[in-house]
Amino acid sequence: MPLAAPFRAPVRSVVPEAAVLVAVALLILAGTTGLLSAPVVVALAVGVAATLAGVRLSRLAVRPPTVAPSTPVGPQSDEPGENTWPGAAGTRVARRAWTSTRAAVLLLDASVVVAGVTAAALPLLDPVPLAVAVAAPAVVAGSAAAGLRRLPGGPQPAVRARLRGLAEGIGPAAALALAGWLLLHRSGVLFPARLTAALLLGVFGAVALTALTGAHPRAAAAVGRGGLALVLSGLTLLLIFPPASVGWPGLLAVPPLVVGLLLVAAGATRAVAGRGPARPAPRWPRAVLPAVVLPLAAGGDLGSGLPPDRTTLLLALVAVPPLLLRELFRTADRSTPTRPAAHRRDPRPGSGHADPRPERVHLDPPPVVSAHPSATSVTSGLVDRSALRRVLAVRAEEAGPGGALLVVDLHASSGDGGPPALDDDLLAEVLHRARAVVGPRDLLATLDGAGFAVVTTGGPMLAYALGTRLLATLTQPYLLGATAHRVQASIGLAELDGSGPDDVLRQADLARRRAVQLGRDRVEWYDAFLEEQLVRRLDLERELPGAVARGELDLVYQPVLGLADRSPVGAEALLRWRSPVLGTVLPDEFLPVAEDLDIVGELEWWVLDRACRQLAEWSAESRRLWMAVNVTTTELTTPDFVQRTAAVLAAYGVPADRLVVEVAEPRIGPELPTVVARLAGLRSLGVRTALDDFRAEHASLAQLRRLPIDLLKVGADLVDGAPDAPRPLLDVVVNVGDRLGVEVVAEELESPGQVEGAHRAGCRYGQGFALARPATAERVEAFLEEFPSASR
């Protein structure tokens, strides 16, 4: 069972949260226009958000744990045998972990309830007692902080990472505090309360900004921490601007309160489910938001004509030291090389166990090797995959975003025609060339299979430039002995954005797979859309083989109608894949995969067999319709295609003239002579033939004369639906077809105007949604019952 499976929360809908946000926006609008009083708006808005957050947390707390006797609870190891616990011990450990998790959720639930009650009650108290003003936020902060700390998740960040986070947070805090001080200038708040409120707003705002942006080892808990900071900011605003006294300015507290309460529940749900964000949030808002708010506040204050006071200058100066400290951290990160260490021993005396946490390591460059060393001498200067993961973990935890990972896949070929092989000597030369290209601070690591990885400290553009240099160097010919070798390289590149090592390695490998699919000798970036495409492709490649045997294929039929009387004359069989895993998949998506897997023939012969069987059933009911099936040029040009088609027709007793075999015109190309021979062979059986996707170009018109076809199918792009439109190109195609004895079928007709346009141009038949949609055989039969002329 995967990590945290006993506590995994179900995938929840975000519809309730979206509905709450819409309702809150409408309430704020009603409050600002005077339809509702400010205290009522605050009570309703915060009450709704607190109720939803409380329900989310309560459901987490009451869900019973489901622990299997041998369920592993804790970080999963990459090594075999380390993820199993004895049955009873595993159950006890899991139940203790669940007890701790439930306590954390209950603490957060209590914090949400107290925050909601406080926010609803404060507008009703005038003045607010000091004990309430101090105790309520303290209870909210204390219970939520204790709950967030006990949530399951990754390890707590190291001291260096905390110091770096503190240095990055003080600057925004000072800027936001200064903005709050300036915005409260004309509020009438006395100096002590004004300064306290400004400092609280600065601290809470900075905590929220830091928690909700950038990468975090405990991403889910960081979301909850950001939500808590927003809640405390909202309570502070309620105390500064009591809605009962100031009116609509008191509504400024509503957005942070509502969003904060929802984020606290969302963070807890993600932590219990063992899920973090798909990608770390960007870090730029940490610098941009204070830089935008502060000038606006300063501009408003300077507009009053008053000189800046002493507190303004002091708060402005506070922001300077953190900036210097942050730059010192960055300088230290850039100047300190790292190298992978094997394991750090437990610091307790007498302990013989390795500490699994990543430690600060150093990246010493591998030694430069001679032109033809053995592979062993080269790989005693490269780190292995486990050390690479530790380095990436350290970069994510301490250095933050910056740098990139390049995964290089190698494919060798020899000039003597022998089988491709990346032997030790060739690999040694490849690594020697790579070492000469990468920088002195870049790390080279071995990977499973034929390839290696590079961790570089440069930015994205520098990393891409490094990839292109590697590509140019590694693809030059290799002369080993008397044999020339060539190596193709496929490089996948992923930025180090603070994600964990497994995520970064997966991202770079997905980009590498994309480079291989596109023909090798290229560098490909990772992005989220690429991952979706590749994951979908891998799913298709995994599920498609065997789909015929599992009975997952299906046919739907789209009627072809005569345009003169709108009566059905035929139908086209369209393939659908009803996968229980992927849902319904259309041919445009799975046929390219089938071609790569070399199983197109299996699919197309299944289609021909089922279409002829259906045609036999319709013929038995005296329905004189043709059945069109699509074939690829690859299958059409096989030597026995005509004989196998004849065998299928004979097996079902179908007249040959009821079958139409369609081939797509754009794919004929160099196979034209063979295609002509196969089409002629089909016509000799009595089978009708059709050219699909006709493009009406000059070369296509000339090629049309050579093809033995009966039907010509053209797209709706040749049809002009306007009644007074000039003579369309379709007229030319129809005239050519008439001279060659070929009937024209206008397909993909989606509007009555296109149907009329095709009819005016002289097309005899039409097909498309405007006439009839694809449907199952039973629905098509019901459709045919409306046309007695279809049964003769």
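Quick notes on the overall build of the protein chain
A tally of regular secondary structure across the protein chain gives 27 helices and 18 strands. Across the 792 residues of the protein chain, 47% fall into the buried class. Long-range contacts, defined here as pairs at least 24 residues apart, represent 73% of the contacts in the protein chain between residues at least 6 apart.

Section: helix α1 (residues 15–32)
Helix length check: α1 (18 residues) gives 26 Å between terminal C-alpha atoms against 26 Å at 1.5 Å per residue, within 8%. In the segment just after α1, Gly34 is the residue with positive phi, at about 90°.

Here we look at the packing of aromatic side chains
Following the criterion strictly, the structure yields 6 aromatic pairs and no others. Aromatic pair Trp577 and Phe590: ring centres 5.9 Å apart, planes at 80°, arrangement edge-to-face. With Trp577 in strand β11 (residues 568–579) and Phe590 in helix α19 (residues 587–597), this residue pair connects regions lying 13 residues apart in the sequence. On the basis of relative accessibility, which here comes to 0%, the residue Trp577 falls in the buried class. Both rings, one in Trp605 and one in Phe641, keep their centres 5.3 Å apart while their planes meet at 45°; by these two values the pair is tilted. With Trp605 in helix α20 (residues 600–620) and Phe641 in helix α22 (residues 641–652), this residue pair connects regions lying 36 residues apart in the sequence. Owing to a relative accessible area of 11%, Trp605 belongs among the buried residues under this scheme. The exposure class assigned to Phe641 is buried, which follows from its relative accessible area of 2%.

Brief notes about the packing of α20 against α22
At a minimum axis distance of 9 Å, the contact between α20 and α22 shows a crossing angle of 30°. By crossing handedness, the relation of α20 to α22 is classed as right-handed. Each of Trp605, Leu608, Asp609, Cys612, Arg613 and Ala616 in α20 lies in contact with α22, whose residues at this interface are Phe641, Arg644, Thr645, Val648, Leu649 and Tyr652. Looking at the contact of α20 with α22 residue by residue, the classes come out as 8 nonpolar, 1 polar and 3 charged.

Analysis parameters
- Residues numbered from 1 in each chain as written.
- Predicted model: local features only at pLDDT ≥ 70, side-chain atom pairs only at ≥ 80, totals over all residues.
- Heavy atoms only, no water.
- Helix = DSSP H or I, 4+ residues; strand = E, 2+ residues; numbered from the N terminus.
- Buried < 20%, exposed > 50% of the residue type's maximum accessible area, 1.4 Å probe, protein only.
- Contact = heavy atoms within 4.5 Å.
- Expected span 1.5 Å × (residues − 1).
- Phe/Tyr/Trp six-rings, centres within 6.5 Å; stacked < 30°, edge-to-face > 60°.
- Axes fitted to C-alpha atoms, helices over the stretch in contact; angles between N-to-C directions.
- Left-handed = near helix turned anticlockwise from the far one by under 90°.
- Nonpolar A, V, L, I, M, F, W, Y, C, P; charged D, E, K, R; others polar.

So yeah, pure geometry; function would need other evidence.
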